[in-house]
Structure formats: C-alpha cells, structure tokens
Amino acid sequence: MTLANIKSFVLEKKSVGVDSEGRIIFEPNLRGEPYYVFDSASGAPVGIAPKVAKRKTFVVQRKIEGRTFRDSLGSVAEFLQEKDGVEKARAAAAKIGTEIRTQQINPSVVARKQSAAELTLGQAFAAYREHLTTRETKRANEATLKVFDRCVKRFDDWNDRKIRMIDIDELVERCKARQKVAATANEQEFRQTYNRTTHAARKWVFPAINKPSKAGHYVDAKDLLEQIRDMAGIPALTRHDLRRSFGTVLEALEAPASISKRFMNHDQSETHNRYTQAEWERMKGWMERIEQAILTKGPNVWNSLKPLEKSPLPAGDLPAVPADKPRTGRPRREYLVCFVVHCPRF
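The rules behind each value
- Residues numbered from 1 in each chain as written.
- Predicted model: local features only at pLDDT ≥ 70, side-chain atom pairs only at ≥ 80, totals over all residues.
- Heavy atoms only, no water.
- Helix = DSSP H or I, 4+ residues; strand = E, 2+ residues; numbered from the N terminus.
- Buried < 20%, exposed > 50% of the residue type's maximum accessible area, 1.4 Å probe, protein only.
- Contact = heavy atoms within 4.5 Å.
- Areas by Shrake-Rupley, 256 points an atom, 1.4 Å probe, with all protein chains shown as cover.
- Expected span 1.5 Å × (residues − 1).
- Arc of directions from axis to C-beta.
- Salt bridge = Lys/Arg side-chain N within 4 Å of Asp/Glu carboxyl O.
- Axes fitted to C-alpha atoms, helices over the stretch in contact; angles between N-to-C directions.
- Parallel < 35°, antiparallel > 145°, perpendicular 65-115°, else oblique.
- Nonpolar A, V, L, I, M, F, W, Y, C, P; charged D, E, K, R; others polar.
- Polar contact = N/O pair within 3.5 Å; in protein donor to acceptor, adjacent residues only side chain to side chain.
- Pairing = 2+ DSSP bridges.
- Disulfide = S-S within 2.5 Å.
- Left-handed = near helix turned anticlockwise from the far one by under 90°.

**Q** Run through the overall build of the protein, naming residues and quoting values.
**A** Along the backbone of the protein there are 13 helices and six strands. Per-residue burial over the protein gives 31% buried out of 346 residues. For the protein, contacts bridging at least 24 residues in sequence account for 49% of all contacts bridging at least 6. When the accessible surface of the protein is summed, it comes to about 23100 Å², and 52% of that surface belongs to carbon and sulfur atoms.

Given below as structure tokens:
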C-alpha cells in the first residue's frame, strides 16, 4: 500500500480489488458505508488498514480465538504529514497487534480505564471547568461558572479522592444532610459531582447496555420506540409522530418561518450545507428554547437535565417503571432508552 493508494480511497467509491496491471478497481459506494482496505504489502503487519469514512483513520484488527479486536492508530492525515508516515503507521500497528495477540485486550480501552481509575475528583472538576471556558461554542458565562465553583468548593475535602473510590451511596448521604437547608444549591452540587464521578470513563453519551454491541452505543430507534410506547402507555408512536410533535412546538413558540423551515428541512430551494456564525448562533438559540419547552412538560426530567443556572420545577415522585413484558422466541437486544416522551405519568 502506497501513499498514492491511500489518497485515492474515498467514501463515494469502494475498493473491490486490483486488475491485471495492479491498479485498484473501484465501484460506487451507493450506501456510503465506511469500509476498510487491508494492507497486503510484503512486510506489512497483519491487520493494518485505513478505515475509509468521512475522516480516514488507520486501524489494526486481529482475530484471536474467534474474538475480533480492533484499535485505532490515529488520523491518516496526521501520519501522512511525514514522508515515512505509512511506515510509522505500520510500526504502530505491529506494536499494538502484538499487545492484542499476547494479552487479548484492546490497548486503548485498557488505557482509558486505567486513566479513569487514577483520576481524582479535583482533576475531573478542573478538566470540566476548562471545557466550560474553552469550548468553541457557547462558553459558560460568569453566572454559570460561579455556580460551578460553588459546587466544587462544597466538595473541596474530596479533591484528592480517586473517582473509583467514591461510592454513589456516600454521595447521596452527604447531600441529604443539606436537602432542607438549601434544596436548589444542594441539587446542583449533587448533580455536578455525580456527573463527574459517573461519566469520567464513559466514551459514549448513550453507551450500549448489551456487551456484544459492536458500535458500543445506541444505534437503532425501533426497540427504543417500542419500550417508550410500553412505558408511556401510548398505543402507537412513530418517528414521524415525533417529527410532527416537534413542528407543533415550533408553532406554539411562534418560531419564525425561516427557522421552522430549516428545522423541518422544508426549505429545499434554499438548503445550505454550512451556516454562517450568526445563523448558527440563531439556530442554537431556538433549539435551546424548543428543548426547554419540551423538558419543562416533565418536571422530573427537567430537574435532571436543566442547565445549572435554571431553577428546578416542583415535581412529584418518579413513576414506577413497569416490568418487561414476557417475550417468546429469540430475545431482542436491549438498548438504553435515551428518548424522553412526555406523558401524564411524568
């Protein structure tokens, strides 16, 4: 595999082989799915391949005793900035491939877990505060940082504690003592600390529940919608129903026609692939208004997900989650329910 070969791989066309003269044969990639092109050059380590997607990356894949291990080596563009980038990618693949073969582990996953295991609460707070102040879009304002800093100060005696050693029950008991004294502040402090302790090692926002999941995260809405229907007592619910409900919220908020068309993708004649900074800020502002209008219909949901600077809503006890209905035949895979549907039980 040469530098020219790698540059010729694009998502729109898929490599399917080589002709008698050694030239790569391409076919249209009609479904636009990412694909791998494994390096068959003499001396190349087993399993190295560029993954061709919107962003090309080098990966190494090994199959050990029926189990497939795959690890990312990094961006193709970064490797190819150097003249010997392909050779460096092969060297990295050989090293990681050896670790996979001898230890039967994914080195990146292990490294991430080890890093998270040694992370202290103080370090997690500091990292998140830096994110709030340096992220490219909508950096935290002074009021938000003031609330966050107050939460951090409340737990300054836990700064040196490793996150893996913090028990959630211990956190709950600590916060219960101040529940009647400063309910709002206490709720904010609990939420910030809980998020830092539970999300430190999480790679995905909505990780898969089932261990065999290849993607590692939620990918399909069909089972989710079925679970939501059962929990909410709604006889029928489709994704198009959710789309229409979104449109109804837009109307209720009296969103401008230009905003509604953009969100509903009705403005086909003026569709833009990119927004200016001013347009993007306006779209985000309206999306936040829509999100808050939906979440406030369910006080318990709002109180769990609201921004720090927003006040909690009076809420009753959380509804009981009904037991799963018995199923016959092949069991279905379970996914994390990450959609929220408003119903009277909230």
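Okay, back to it.
**Q** Requested: an account of helix α3 (residues 85-103), with residues and values cited.
**A** In this model, α3 (19 residues) spans 27 Å end to end at C-alpha, consistent with the 27 Å of a helix rising 1.5 Å per residue. Listed as buried for α3 are Gly85, Val86, Ala89, Arg90, Ala93, Ile96, Gly97 and Ile100. Buried residues of α3, seen end-on, are gathered within an arc of 140° and therefore sit on one face of the element. Looking at α3, the residues exposed on the side facing more than 90 degrees away from the buried face are Lys95 and Thr102. Just beyond α3, the residue with positive phi is Gln104, at close to 50°.

**Q** Mind laying out the pattern of salt bridges, listing which residues take part and the relevant values?
**A** Tallied over the entire structure, the rule returns 13 salt bridges. The residue Arg31 makes a salt bridge to Glu33 at a minimum N-O spacing of 3.3 Å. Close ionic contact of Asp241 with Arg244 constitutes a salt bridge, the shortest N to O distance being 2.3 Å. Taken together, the residues Asp241 and Arg244, both in helix α10 (residues 239-252) and three residues apart, mark about one turn of the helix.

**Q** How would you summarise the packing of helix α5 (residues 121-134) against helix α8 (residues 183-198) if you had to cite specific residues and measurements?
**A** Across the interface, α5 lies against α8 with an axial gap of 10 Å and an inter-helix angle of 105°. Classed by the angle they form, the pair α5 and α8 counts as roughly perpendicular. Counting all contacts with α5, which are made through Leu121, Ala124, Phe125 and Tyr128, the residues of α8 involved are Gln192, Thr193, Arg196 and Thr197. A breakdown of the residues in the contact of α5 with α8 according to their chemical character gives four nonpolar, three polar and one charged.

**Q** A description of unusual backbone geometry should follow, citing residues and the corresponding values.
**A** Of note, Glu254 is a non-glycine position whose phi angle comes to about 55°, a positive value. Residue position: Glu254 is located in the loop between α10 and α11 (257-264). The exposure class assigned to Glu254 is exposed, which follows from its relative accessible area of 68%.

**Q** Hey, could you go over the side chain of Asp39 for me, with residue numbers and the actual values?
**A** The topology assignment puts Asp39 in the loop between β3 (35-36) and β4 (48-52). Here Ala41 takes part through its backbone nitrogen, which lies 3.0 Å from a polar atom of the side chain of Asp39.

**Q** Explain the pairing of strand β6 (residues 67-75) residue by residue, including any values.
**A** Relative to β6, strand β5 (residues 57-64) runs antiparallel, the two being bridged by eight bridges. When the bridges of β6 are listed, Phe58 appears paired with Gly74. Counted between consecutive antiparallel strands, the loop separating β5 from β6 contains two residues, among which Glu65 sits at a positive phi close to 50°.

**Q** I'd like a rundown of the sheet that holds β3, residues and numbers included.
**A** Sheet strands associate in pairs through backbone hydrogen bonding, adopting either a parallel or an antiparallel arrangement. Across the sheet, which stays open at both edges, the four strands sit in the order β3-β4-β5-β6 with antiparallel pairing between neighbours. Where the open sheet ends on each side, the last strands, each with one partner, are β3 and β6. Those strands touched by α3 are β4, β5 and β6, and its axis lies near 30° from that of β5.

**Q** Break down the environment of Thr193 for me, citing the residues and quoting the values.
**A** By secondary structure assignment, the location of Thr193 is in helix α8. Given the relative accessible area of 0%, Thr193 is considered buried. In this structure Thr193 touches Leu121, Phe125, Phe155 and Leu171, once residues within four positions along its chain are discounted.

**Q** Quick rundown of the pairing of β5? Include the residues and the values.
**A** For β5, the buried fraction is high: six of the eight residues fall into the buried class. Connecting β4 to the antiparallel partner β5 that follows it, the hairpin turn spans four residues.

**Q** An account of the state of the cysteines is requested, with residue identities and associated values reported.
**A** Inspection of the entire model under this criterion finds zero disulfides. Not engaged in a disulfide, the cysteine Cys151 finds its nearest cysteine sulfur in Cys175; these two sulfurs lie 9.6 Å apart. Judged by relative accessible area, which is 6%, Cys175 ranks as buried.

**Q** Tell me about the packing of helix α7 (residues 168-176) against α8, and please be specific about residues and values.
**A** Contact pair α7 / α8: the axes reach a minimum separation of 10 Å and the direction vectors enclose 170°. It follows that α7 is roughly antiparallel to α8 by the angle criterion. Here α7 runs over α8; the crossing is right-handed. Of α8, the residues touching α7 (which contributes Ile168, Leu171, Val172 and Cys175) are Asn186, Phe190, Thr193, Tyr194, Thr197 and Thr198.

**Q** Describe α10, listing the residues and the values that go with them.
**A** With 14 residues, α10 should reach 20 Å at 1.5 Å per residue; the first-to-last C-alpha distance of 20 Å fits that figure. For α10, the set of buried residues is Phe246, Gly247 and Leu250. Down the axis of α10, the buried side of the element spans an arc of 100°, and every buried residue falls inside it. Projecting away from the buried face of α10 at angles above 90 degrees are the exposed residues Glu251 and Ala252. Glu254 sits one or two positions beyond α10 and adopts a positive phi of about 55°.

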